[in-house]
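Given next are the chains, with one letter for each unit.
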Amino acid sequence: MGSFGTNVSSAISFTLTGFPEMEGLQHWLTVLLLLLYAISILGNILILFIIKEEQSLHQPMYYFLSLLSVNDLGVSFSTLPTVLAALCFHTPETAFDACLTQMFFIHFFSWTESGILLAMSFDRYVAICNPLRYSSVLTDIRVAHMGISIIIRSFCMVFPLPFLLKRLPFCKANVLTHSYCLHPDLIRLPCGDTTINSMYGLFIVISAFGVDSVLILISYVLILRSVLAIASQEERLKTLNTCVSHICAVLIFYVPMVSVSMVHRFRKHAPEYVHKFMSLVYLFVPPMLNPIIYSIKTKEIRKRLYKMFLKTKL
């Protein structure tokens, strides 16, 4: 029976949807999404180029920023094929295995981003609370080990999801809510019992996103305690300013992520456009805003951008 279910699942396909409830605005929404893609991809490539070229940026904080930019590119390229197919080329059908593959990479990069943001909060904690030990604690080797650990953890978390779905029979109209494949969307479709899928999904959300967010919060409590011990108000503000970019990155990632998870689990009967809007914010906004935030708030990156702009004018 398990083999039969797998064969049936492999033979089916899913229909991706755009914005049928906003038919009059669909062309403008498509243009907006393509613009967000362009900003995300070009912005993150630019961040990587600047960090590679600028020797002064070869330090742990910017290594983690490089990881974040690579991860944001991964998020963008994971959703791009089906978004283009569904909205621009009007070919919304996608094969079962292709959909599971896309789902794997979307969630893999999401979990990886959470781990990178946690590593960046640890970087800020060491830099502010133990500045004399910064170079000895965050060596290049240790940063590399942290990056590899984040990737392995994300892979192990997401790896069971496609197999848990492949064991289920699909006999309904396999129409997805979005123009890409997400696990909360896919577990609505099987005819069989999806309790295990739902419980495992909730488990990894709590054990990864939940633990990461709590540890990030703890790191900032410790940072704030250390900052308040500084006598000069000017020095306090200067120190806190080094954390602003990371705090913004944390908020634009976790707030939409928690919102989309809660909507899928506890507001299943909400209008379809609510699910779509929350999902778009979750997947499209962080990769677009991260390079903008770090370009504006990081003096070294801002200087390099200014130099590049002057050269193009000359």
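Residues numbered from 1 in each chain as written. Predicted model: local features only at pLDDT ≥ 70, side-chain atom pairs only at ≥ 80, totals over all residues. Heavy atoms only, no water.

To keep it simple, the criterion reads: UniProt positions are given in the numbering used here, feature names are shortened, and annotations may be inferred rather than shown by experiment.
The chain carries the name Olfactory receptor in an unreviewed UniProt entry, which gives Neovison vison as its organism. According to the UniProt record, the Sequence similarities (unreviewed entry) comment for the chain reads "Belongs to the G-protein coupled receptor 1 family." Reading the Function (unreviewed entry) entry of the UniProt record for the chain gives the comment "Putative odorant or sperm cell receptor."

## As for the overall build of the chain
Our working rule: A run of H or I in DSSP counts as a helix once it spans at least four residues, and a run of E counts as a strand once it spans at least two, with each numbered from the N terminus. In this description the radius of gyration comes from C-alpha coordinates, and the expected globular size is given by 2.2 Å times residues to the power 0.38. Throughout, exposure labels follow a simple rule: accessible area from a 1.4 Å probe, protein chains only, divided by the maximum for the residue type, with under 20% read as buried, over 50% as exposed, and the rest as partly exposed. When checking whether two residues touch, look at their non-hydrogen atoms; a contact exists if any pair is within 4.5 Å. Here the open area of atoms and residues is found with the Shrake-Rupley method and a 1.4 Å probe, where only the protein chains shown may cover a residue. Only four residue types enter the charge count: Lys and Arg as positive, Asp and Glu as negative, with His and the chain ends excluded. For this purpose, a charge sits on NZ of Lys, CZ of Arg, CG of Asp or CD of Glu.
Looking only at helices and strands, one finds 13 helices and 2 strands in the chain. At 21 Å, the chain has a C-alpha radius of gyration in line with the 20 Å of a compact globule built from 314 residues. Its C-alpha atoms put the chain at 65 × 45 × 35 Å along the principal axes. Out of the 314 residues in the chain, the part that is buried amounts to 48%. Pairs at least 24 residues apart make up 79% of the contacts formed inside the chain by residues separated by at least 6 positions. Summed over its atoms, the accessible surface of the chain is roughly 16000 Å², and 71% of this surface lies on carbon and sulfur atoms. For the chain, the centre of its 24 positive side-chain charges and the centre of its 17 negative side-chain charges are spaced 7 Å apart.

## Examining the nonpolar core
For clarity, the cut-off: To qualify as a nonpolar core, a set must consist of buried Ala, Val, Leu, Ile, Met, Phe, Trp, Tyr and Cys residues joined through side-chain atoms within 4.5 Å.
Formed by 80 residues in total, the largest nonpolar core has its most connected members in F14, L65, L117, L186 and F284. In terms of residue count, helix α4 (residues 96-129) provides more of this core than any other element does, 16 residues in total. When neighbours within four sequence positions are excluded, F284 is seen to be in contact with L33, L36, Y37, S40, T79, V83 and Y180.

## Focus on the state of the cysteines
Put simply, the test is: When two cysteine sulfur atoms lie within 2.5 Å, the pair is treated as a disulfide.
Tallied over the entire structure, the rule returns 1 disulfide. Put simply, C99 and C181 are joined by a disulfide, and their sulfur atoms are 1.9 Å apart. Since a negative S-S torsion denotes a left-handed disulfide, the C99-C181 link at about -120° is left-handed. With C99 in helix α4 and C181 in the loop between α7 (160-166) and α8 (183-186), the pair connects residues that are 82 residues apart, well separated along the chain. A relative accessible area of 0% means that C99 is categorised as buried. There is no disulfide at C129, and the cysteine sulfur nearest it, in C243, is 8.9 Å away. Looking at the unpaired C248, the closest cysteine sulfur is the one in C243, lying at 11 Å.

## Digging into the packing of aromatic side chains
So the rule is basically this: Planes of paired rings set the category: under 30 degrees apart is stacked, over 60 is edge-to-face and the rest tilted, where pairs are Phe, Tyr or Trp rings (Trp by its six-membered ring) whose centres lie within 6.5 Å.
Tallied over the full model, the rule gives 18 aromatic pairs. Their ring planes at 40° and their centres at 6.2 Å tell us that Y200 and F203 sit as a pair that is tilted. A residue pair is termed a helical-turn pair when its members lie 3 or 4 positions apart in one helix, as Y200 and F203 do in helix α9 (residues 195-228) at 3 residues. What links up through ring pairs into an aromatic cluster is the set F104, F105, F108, F109, F155, F159 and F163.

## With respect to the packing of α4 against α9
To keep things clear, this is the line we draw: Whenever a helix is involved, its axis is fitted only over the stretch in contact; in every case the axis is a line through C-alpha atoms, and angles between N-to-C directions fall within 0 to 180 degrees. Any angle from 65 to 115 degrees is called roughly perpendicular, while one under 35 is roughly parallel, one over 145 is roughly antiparallel, and all others are oblique. By the definition used in this description, the sense in which the near helix is turned from the far one sets the handedness, with an anticlockwise turn below a right angle giving left-handed and a clockwise turn giving right-handed. Gly counts as polar in this scheme, as do all residues outside two lists: the nonpolar Ala, Val, Leu, Ile, Met, Phe, Trp, Tyr, Cys and Pro, and the charged Asp, Glu, Lys and Arg.
Running from N to C, α4 and α9 point in directions that differ by 15°, and their axes come no closer than 9 Å. In terms of their interaxial angle, α4 and α9 are classed as roughly parallel. Crossing angle aside, the handedness with which α4 passes α9 is left-handed. A class-by-class count of the residues in the contact of α4 with α9 yields 16 nonpolar, 6 polar and 2 charged.

## Overview of the packing of helix α3 (residues 60-88) against helix α6 (residues 140-158)
Where α3 meets α6, the axes come as close as 10 Å, and the angle between the chain directions of the two elements is 25°. Taken together, the axes of α3 and α6 are roughly parallel relative to one another. When the axes of α3 and α6 are compared, the crossing they make is right-handed. Here P60, Y63, F64 and L67 of α3 lie close against α6, whose contacting residues are D140, V143, M146 and G147. Classifying every residue of the contact of α3 with α6 by side-chain character gives 6 nonpolar, 1 polar and 1 charged.

## Comments concerning the UniProt feature "transmembrane region" (unreviewed entry) in the chain
Within this structure's numbering, the places UniProt gives as "transmembrane region" (unreviewed entry) are residues 28-51, 63-84, 104-122, 143-165, 202-228, 240-257 and 277-296. Spanning residues 104-122, this segment combines 100% helix with 0% strand, and its end C-alpha atoms are found 27 Å apart. Span residues 202-228 is 100% helix and 0% strand, its end C-alpha atoms 37 Å apart.

## Here's the deal with a positive patch on the surface
Our working definition: What makes a patch is a set of residues exposed beyond 30% relative accessible area and free of salt bridges, joined within 9 Å when like-charged and within 5 Å when nonpolar (Val, Leu, Ile, Met, Phe, Trp, Tyr). A pair is scored as a salt bridge if a Lys or Arg side-chain nitrogen falls within 4 Å of a carboxyl oxygen belonging to Asp or Glu.
Judged by side-chain charge, K238, K297, K299, R302, K303 and K307 come together as a positively charged surface patch. By residue number, the principal contributor to the positive patch is helix α13 (residues 299-313), which donates 4 residues.

## Describing the pattern of salt bridges
As enumerated under the stated definition, the model contains 6 salt bridges in all. Note that K166 and D97 form a salt bridge whose closest N and O atoms lie 3.0 Å from each other. Of this pair, K166 sits in helix α7 while D97 sits in helix α4, placing them 69 residues apart in sequence. Here K166 falls in the buried class, since its relative accessible area comes to 17%. Across the salt bridge formed by D123 and R124, the nearest N and O atoms sit 2.9 Å from each other.

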